Amino acid sequence: MELSNKIAVITGAGSGIGRASSLKLASDGATVVVVDFNKETGEETLKLVKEQGGEGIFIQADVSKTEDVQNYVNKAVETYGRIDIFFNNAGVIQKFAPFTEVEESEFDRIMSVNVKGIFLGMKYVLKVMEAQGFGSVINTASTAGVRAEHSVAVYSASKHAVVALTKGAALEYAKKGIRINALCPGGVETALTASVTEQFEKGGYIPEELPNMRMGRYAAPKELAEMVAYLASEKASYMTGSIVLVDGGLTL
Ligand SMILES: NC(=O)c1ccc[n+]([C@@H]2O[C@H](COP(=O)([O-])OP(=O)(O)OC[C@H]3O[C@@H](n4cnc5c(N)ncnc54)[C@H](O)[C@@H]3O)[C@@H](O)[C@H]2O)c1
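Structure report, in brief. (Residues numbered from 1 in each chain as written. Predicted model: local features only at pLDDT ≥ 70, side-chain atom pairs only at ≥ 80, totals over all residues.)

1. Remarks on the environment of S15
- As for its position among the elements, S15 is in the loop between strand 1 (7-11) and helix 1 (16-27).
- By the C-beta count within 10 Å, which is 19 here, S15 ends up partly exposed.
- Spatially, the C-alpha atoms of S15 and A232 are 20 Å apart, while their sequence positions differ by 217 residues.
- When neighbours within four sequence positions are excluded, S15 is seen to be in contact with T41, T190 and A191. (Helix = DSSP H or I, 4+ residues; strand = E, 2+ residues; numbered from the N terminus. Buried ≥ 20, exposed ≤ 12 C-beta atoms within 10 Å, placed from the backbone. Contact = placed C-beta atoms within 7 Å.)

2. Looking at the pairing of strand 3 (residues 56-60)
- When strand 2 (residues 31-36) meets strand 3, the two strands line up parallel, connected through 5 bridges. Across the sheet, D36 pairs through a bridge with Q60, a residue of strand 3.
- With helix 2 (residues 39-51) bridging strand 2 and the parallel strand 3, this β-α-β connection has right-handed handedness. (Pairing = 2+ DSSP bridges. Right-handed = clockwise from strand over helix to strand, strands pointing away.)

3. Comments concerning the sheet that holds strand 6 (residues 178-185)
- The parallel open sheet is built from 7 strands, whose spatial order is 3-2-1-4-5-6-7. The sheet is open, and its two edges are formed by strand 3 and strand 7 (243-246), each paired on a single side. Adjacent strand axes in the sheet meet at a mean angle of 20° when their direction is disregarded.
- Bridge count between strand 1 and strand 4 (residues 85-88): 3 bridges; the pairing is parallel. The residue of strand 4 that forms the bridge with I10 is F87.
- Set on the sheet, helix 2 makes contact with strand 2 and strand 3; between it and strand 3 the angle comes to about 175°. (Axes fitted to C-alpha atoms, helices over the stretch in contact; angles between N-to-C directions.)

4. Here we look at the site of the ligand
- In the vicinity of the ligand lie 30 residues, with G12, G14, G16, G91 and T190 positioned nearest.
- Mapped onto the shell around the ligand, the elements with two or more residues apiece are helix 1 and helix 4 (104-132).
- Each residue belonging to the shell around the ligand can be placed in one class, and the counts come to 11 nonpolar, 17 polar and 2 charged. (Near = placed C-beta within 6 Å. Nonpolar A, V, L, I, M, F, W, Y, C, P; charged D, E, K, R; others polar.)

5. A short note on the pairing of strand 5 (residues 135-140)
- Extensive coverage of strand 5 is indicated by the burial of 6 of its 6 residues.
- Alternating positions in strand 5 separate into two faces, G135, V137 and N139 on one and S136, I138 and T140 on the other, with burial throughout.
- Sheet topology note: the strand 4/strand 5 ladder contains 4 bridges and is parallel. By the bridge assignment for strand 5, N88 is matched with N139.
- With helix 4 bridging strand 4 and its parallel neighbour strand 5, the resulting β-α-β unit is right-handed.
- Pairing between strand 5 and strand 6: 6 bridges, direction parallel.

6. Brief notes about the nonpolar core
- One finds A8, V9, V33 and V228 to be the most contacted residues of the largest nonpolar core, which totals 63 residues.
- For V33, the residues in contact, after removing those within four places along its chain, are I7, A8, V9, I10, G56, I57, I59 and A76. (Core = buried A, V, L, I, M, F, W, Y, C linked by C-beta atoms within 7 Å.)

7. Digging into the packing of helix 4 against helix 5 (residues 153-173)
- Viewed as axis vectors pointing N to C, helix 4 and helix 5 meet at an angle of 15°, and their least axial separation amounts to 9 Å. Between helix 4 and helix 5, the interaxial angle falls into the category roughly parallel. As helix 4 runs across helix 5, the sense of the crossing is right-handed. Note on element contacts: helix 5 touches helix 4 through V154, Y155, S158, K159, A161, V162, L165, A169 and Y173, opposite E106, F107, I110, M111, N114, V115, I118, F119, M122 and L126. (Parallel < 35°, antiparallel > 145°, perpendicular 65-115°, else oblique. Left-handed = near helix turned anticlockwise from the far one by under 90°.)

8. Quick notes on the packing of helix 1 against helix 7 (residues 221-232)
- Two elements in contact, helix 1 and helix 7, have axes whose closest approach is 8 Å; the angle formed by their N-to-C orientations is 55°. What the angle tells us is that helix 1 and helix 7 run oblique. Note that helix 1 runs across helix 7; the crossing there is right-handed. Listed contacts from helix 7 to G16, I17, R19, A20, S21, K24 and L25 of helix 1 are P221, K222, L224, A225, E226, V228, A229 and A232.
- Residues of the contact of helix 1 with helix 7, tallied by class, amount to 9 nonpolar, 2 polar and 4 charged.

Quick look at the structure:
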């Protein structure tokens, strides 16, 4: 199997893209460290992994808190000795609102999970990977990381920051055996997008690609997981600093 004997840490693994990727990486042979804020859904993901014959552990963590990030990194290394793959994926969508009505507290919440969480994850995992001399990091950005999306300017700013953190780190680690790429999903059928159409309708602005995106449907989370597994594997051995769109043509 493509990822046999690999140790993969996945954040935001209790739902959506993170859960589908945990299942895909495990089915490709990786042992998974399932990380989520939500204990119940995180444990459920681990149960699903085990039901399909995979192995792993669950660690509860808020990715925006330093001590929680240090804890999941330390536990992964204590348990399995190394981290080969890091899917730095946890993120939250902002409340849709006209620019001037976005609360300052909402700005702080989005930045703290989507930007600080990604930064802290890389800060501590890259130390481990540097000592090993190998590793693959995949950060979840978004189509909102490469273009503006209406009524979510702060979310878009946070995802542009994920793109910049990815490029900056990739540049520094290119000669150290560590590849760092960003995944940019468009519309994926997950808890995060469940109310998007309704929120746009309430705000009185409907983007031309809604309700069903350009391909007539949203992506299934497993269609993103395929790219995560590819970027994690040696098949992507010459990819670093890439900002990879898996968006069904959304940004066209
Ligand atoms: N769904 C989409 O259309 C879409 C599009 C572009 C980008 N994304 C990005 O993909 C990533 C995954 O989103 P999803 O659609 O699977 O969403 P989701 O809501 O289904 O899953 C996100 C998971 O992250 C966890 N989480 C949230 N905050 C956390 C925190 N502070 N610490 C630890 N875990 C936390 C949640 O508990 C949840 O299990 C996010 O970064 C999101 O911004 C999603």
